[in-house]
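# Architecture and fold: a report
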Amino acid sequence: MTIREKNYWLETVTTPVPASSRQELPDSVDVAVVGGGYCGLSAARTLAKRGVSVAVLEAETLGWGASSRNGGMVLTGLKLPAPTVIKRYGIETVRRMYAASLETIDCVAQIVREEKIDCNFSRCGHLEVACKQAHFDGYEETAALTQREFHHELRIIPKSELHAEIGSDIYFGGMVDEASAGLNPARYVIGLAHAAQRAGACLFDHTRVTSVEPETKNGARKFRVRTSRGTLTAREVILASGAYTTEATPALRKKIIPIGSYIIATEVLPGDLAHELSPRGRMIYDSKHFLYYYRLTPDNRMLFGGRAAFFPETENTVRQSAEILRRGMISVYPQLRDTKVEFVWGGTLDFTLDVMPHAGKLDGMYFAAGFAGHGVAAATWFGAKLAGLTCGEPNDIPFDGIKFPAAPLGLRSGNTWALPLAGAYYKILDWLT
Ligand SMILES: Cc1cc2nc3c(=O)[nH]c(=O)nc-3n(C[C@H](O)[C@H](O)[C@H](O)COP(=O)(O)OP(=O)(O)OC[C@H]3O[C@@H](n4cnc5c(N)ncnc54)[C@H](O)[C@@H]3O)c2cc1C
């Protein structure tokens, strides 16, 4: 069979993606949301449930961005190691950040339960595997710090016991977090869209926002939002456009580093082989900067992802990634040498220069971005939080107010010529550390 350059998750969807709620844009709404992924749809669901009029404006189909393409890992913790973050922001702030990261998982669990979203959500836990002895040695310290400062348990798995977690011999040990979960990302985002629509949010697909301008009428401040489908005014605007943020909102765009990530999915594996590869069905990733992440799908395919190319996805990068990732997968699991790869696809992650998520206001508009590989849970949570802020709730987001550096030229959206240099830097770092 030839490899299909297609997102496997979309093949498993049983409910159609909701189409636009109606033909015409309303003249005005309380809140306009730019982007129909987890962040935008979660914000819209929360607002609509409070009786706030809200329109989600999505340039493509709902869920088209990273939200339908990812690995479906619902992860605890922050992308950066805790000691780095503590050094930067101080222990009190980081305690709140870590608590928020645990809350994000509960937030997804609650939405899935309340909205009865059929997306294979399961608290299967995640396993981080150490690519070097030094990485494994660091796990002891991480687990002790996480227990002491955040009252959260991480379990160390020595190499001698690793086979109970993973059918691979190449790692030096692992660390398990039982609180993480897995789901089918496309089913989840479509379920979220239906939930927002049921609650009363107006969803508009194929509606690209081209500019947002503040205006004052009769003393009241509003935003004029121009789109490919017409213009509307909104009291507040939420930017939930992630890695796909365009020049329509330049202040946010210059902060985002869009980085490509790619995934392959194999043919369905025999049950005993699937069990040997991942006996506990964990979400797995390794300890490198240029990391691999992988998991079994509910129908027992090996889904294997990584930064095979740093550039955002194009036909070429997707095609090249298939072989690069297949080689990576076989280096972890030689058992899959003769297994067919059936799907390959890519998507773009929203990184920031300091590798932290950020939220707050830019040019008077609410925004959240920088979820990197933690966006399934984080984007959902941030969306709900931003909705609260537009309703006047107190701001308890620990990621608001921290310094938010702009991306250097060459790494910014629309101007990413330096991405391969960043990729080379991280490859060298992986080799050295
Ligand atoms: C291959 C891959 C694997 C990943 N794996 C994981 C994982 O396992 N676990 C995890 O937690 N995270 C993972 N992530 C990250 C996660 O998917 C994202 O952080 C998350 O989906 C971001 O959600 P979002 O709503 O902010 O953005 P998106 O889902 O990207 O949605 C943004 C939307 O905004 C729209 N948009 C942009 N500009 C405009 C405009 N001007 N007008 C109208 N619409 C606009 C876009 O069309 C897009 O649909 C992965 C990402 C990728 C690409």
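Shown above is the structure to which this text applies.
Below is a summary of the structure that appears in this document. Since we're looking at a predicted model, the values are computed, not measured.

### Looking at the overall build of the protein
Scanning the protein for helices and strands turns up 12 helices and 18 strands. In terms of overall size, the protein behaves like a compact globule, its C-alpha atoms giving a radius of gyration of 21 Å where 433 residues would be expected to give roughly 22 Å. Principal axes of the C-alpha set define a box for the protein whose edges measure 70 × 50 × 45 Å. Residues classed as buried in the protein amount to 59% of the 433 residues present.

### With respect to the packing of aromatic side chains
What the rule picks out here adds up to 13 aromatic pairs. Judged by centre distance (5.1 Å) and plane angle (40 degrees), the rings of tyrosine 38 and tyrosine 188 are tilted. Within this pair, whereas tyrosine 38 is found in helix α2 (residues 38–49), its partner tyrosine 188 is found in helix α7 (residues 185–199), the two being separated by 150 residues in sequence. The same class applies to tyrosine 38 as to tyrosine 188, namely buried. Here the aromatic rings of phenylalanine 371 and phenylalanine 382 are separated by 5.3 Å at their centres, their planes lie at 35 degrees, and the arrangement is tilted. With phenylalanine 371 in the loop between β18 (365–369) and α11 (375–390) and phenylalanine 382 in helix α11, the pair connects residues that are 11 residues apart, well separated along the chain. With relative accessibility at 8%, the residue phenylalanine 371 sits in the buried group.

### Overview of the site of the ligand
Lining the immediate environment of the ligand, one finds 40 residues, of which Glu58, Ser67, Met73, Val209 and Val376 sit closest. Leucine 57 is positioned such that a nitrogen or oxygen atom in its backbone is 3.5 Å from a nitrogen atom of the ligand. Those elements giving two or more residues to the shell around the ligand turn out to be α2, α3 (66–69), β12 (257–266), β16 (341–351) and α11. It is β16 that contributes the most residues to the shell around the ligand, four residues altogether. Residues belonging to the shell around the ligand are distributed by class as follows: 18 nonpolar, 17 polar and five charged.

### Examining unusual backbone geometry
Positive phi, close to 55 degrees, is recorded for asparagine 120, a residue that is not glycine. Looking at the secondary structure, you find asparagine 120 in the loop between α5 (91–114) and β4 (126–129). Residue alanine 372 is not a glycine yet carries a positive backbone phi of 50 degrees. Looking at where alanine 372 falls in the secondary structure, it is placed in the loop between β18 and α11.

### Considering the pairing of strand β15 (residues 302–306)
With five of its five residues buried, β15 lies for the most part within the structure. Residues Met302, Phe304 and Gly306 of β15 are buried on one face, and the alternating residues Leu303 and Gly305, pointing to the opposite face, are buried as well. Here β12 pairs with β15 via four bridges, running antiparallel. Along β15, the bridge assignment pairs tyrosine 262 with glycine 306. Bridge count for strand β14 (residues 292–296) against β15 is five bridges, and the pairing is antiparallel. Residue pairing across strands places tyrosine 294 opposite phenylalanine 304, the latter belonging to β15.

### Regarding the nonpolar core
Met97, Tyr188 and Phe382 are the most contacted members of the largest nonpolar core, which has 69 residues in total. Sequence-distant contacts of methionine 97, that is, excluding residues within four places in its chain, are made with Leu78, Val85, Tyr89, Met356, Pro398, Phe399 and Ile402.

### Notes on the sheet that holds β12
Strand order in the open sheet made by the eight strands is β5-β6-β4-β13-β14-β15-β12-β16, with mixed pairing throughout. Two strands lie at the open edges of the sheet, namely β5 (155–158) and β16, each paired on one side alone. Going across the sheet, the axis of each strand differs from the next one's by a mean of 20 degrees, ignoring polarity. Of the strand pairs in this sheet, β4 and strand β13 (residues 283–286) are connected by four bridges, and their pairing is parallel. Bridge assignment links leucine 127 to a residue of β13, and that residue is isoleucine 284. Where helix α10 (residues 315–332) meets the sheet, it contacts β12, β14, β15 and β16, and its direction lies at approximately 60 degrees from that of β12.

### Observations regarding helix α6 (residues 133–150)
Each turn of an α-helix holds 3.6 residues, which means side chains three or four residues apart point in the same direction. With 18 residues, α6 should cover 26 Å at 1.5 Å per step; its first-to-last C-alpha distance of 25 Å lies within 8% of that length. Of all the positions in α6, only His135, Phe136, Tyr139, Ala143, Leu145, Thr146, Glu149 and Phe150 are classed as buried. Those residues of α6 that are buried are in contact with α4 (82–89), α5, β4, β5 and β6 (173–177). Of the residues one or two after α6, histidine 151 is the one with positive phi, at around 55 degrees.

### Re the packing of α2 against α11
Relative orientation of the contacting elements α2 and α11 amounts to 40 degrees, with a least axis distance of 7 Å. Relative to α11, α2 is oriented oblique. Note that α2 runs across α11; the crossing there is right-handed. For the pair α2 and α11, the contacting residues are Tyr38, Cys39, Ser42, Ala43, Thr46 and Leu47 in the first and Gly375, Val376, Ala379, Thr380, Gly383, Ala384, Ala387 and Thr390 in the second. Looking at the contact of α2 with α11 residue by residue, the class counts come to eight nonpolar, six polar and no charged.

The rules we used
- All residue numbers refer to position in the chain's written sequence, counted from 1.
- For a predicted model such as this one, the threshold for reporting local features is a pLDDT of at least 70, and the threshold for listing and counting side-chain atom pairs is 80 or more; totals across whole chains, interfaces and linings nevertheless cover every residue.
- Processing note: side-chain calculations cover all non-hydrogen atoms of the structure and skip hydrogens and water entirely.
- Under the scheme used here, helices are H or I runs from DSSP no shorter than 4 residues and strands are E runs no shorter than 2 residues, and both carry numbers assigned from the N terminus.
- For the radius of gyration, the atoms used are the C-alpha atoms, and the globule rule reads 2.2 Å times the number of residues raised to 0.38.
- Burial classes: relative accessible area under 20% of the type maximum marks a residue as buried, over 50% as exposed, and values in between as partly exposed (1.4 Å probe, protein chains only).
- Here a pair means two rings of Phe, Tyr or Trp (six-membered ring of Trp) with centres within 6.5 Å. Their orientation is stacked below 30 degrees between planes, edge-to-face above 60, and tilted elsewhere.
- Nearness of a residue to a molecule or strand requires only that one of the residue's heavy atoms be within 4 Å of it.
- Counting of polar contacts relies on pairs of N or O atoms within 3.5 Å, with two restrictions inside protein: one atom must be capable of donating a hydrogen and the other of accepting it, and residues adjacent in sequence are counted only when both atoms are side-chain atoms.
- By the convention adopted, Pro, Cys, Tyr, Trp, Phe, Met, Ile, Leu, Val and Ala count as nonpolar, Lys, Arg, Asp and Glu as charged, and the other residues, Gly among them, as polar.
- When DSSP finds two or more bridges between a pair of strands, those strands are recorded as paired.
- Buried residues of nine kinds, namely Ala, Val, Leu, Ile, Met, Phe, Trp, Tyr and Cys, make up a nonpolar core once their side-chain atoms join them within 4.5 Å.
- In this analysis, two residues are considered to be in contact whenever any of their non-hydrogen atoms come within 4.5 Å of each other.
- Between N-to-C directions, angles cover 0 to 180 degrees, with each direction set by a line fitted to C-alpha atoms, over the stretch in contact for helices.
- Expected helix span is given by 1.5 Å per residue-to-residue step, counting one fewer step than there are residues.
- Here roughly perpendicular refers to angles of 65 to 115 degrees, roughly parallel to angles under 35, roughly antiparallel to angles over 145, and oblique to all remaining angles.
- Two helices cross in a left-handed way if the nearer one is turned anticlockwise from the farther one by less than a right angle. They cross in a right-handed way if the turn is clockwise.

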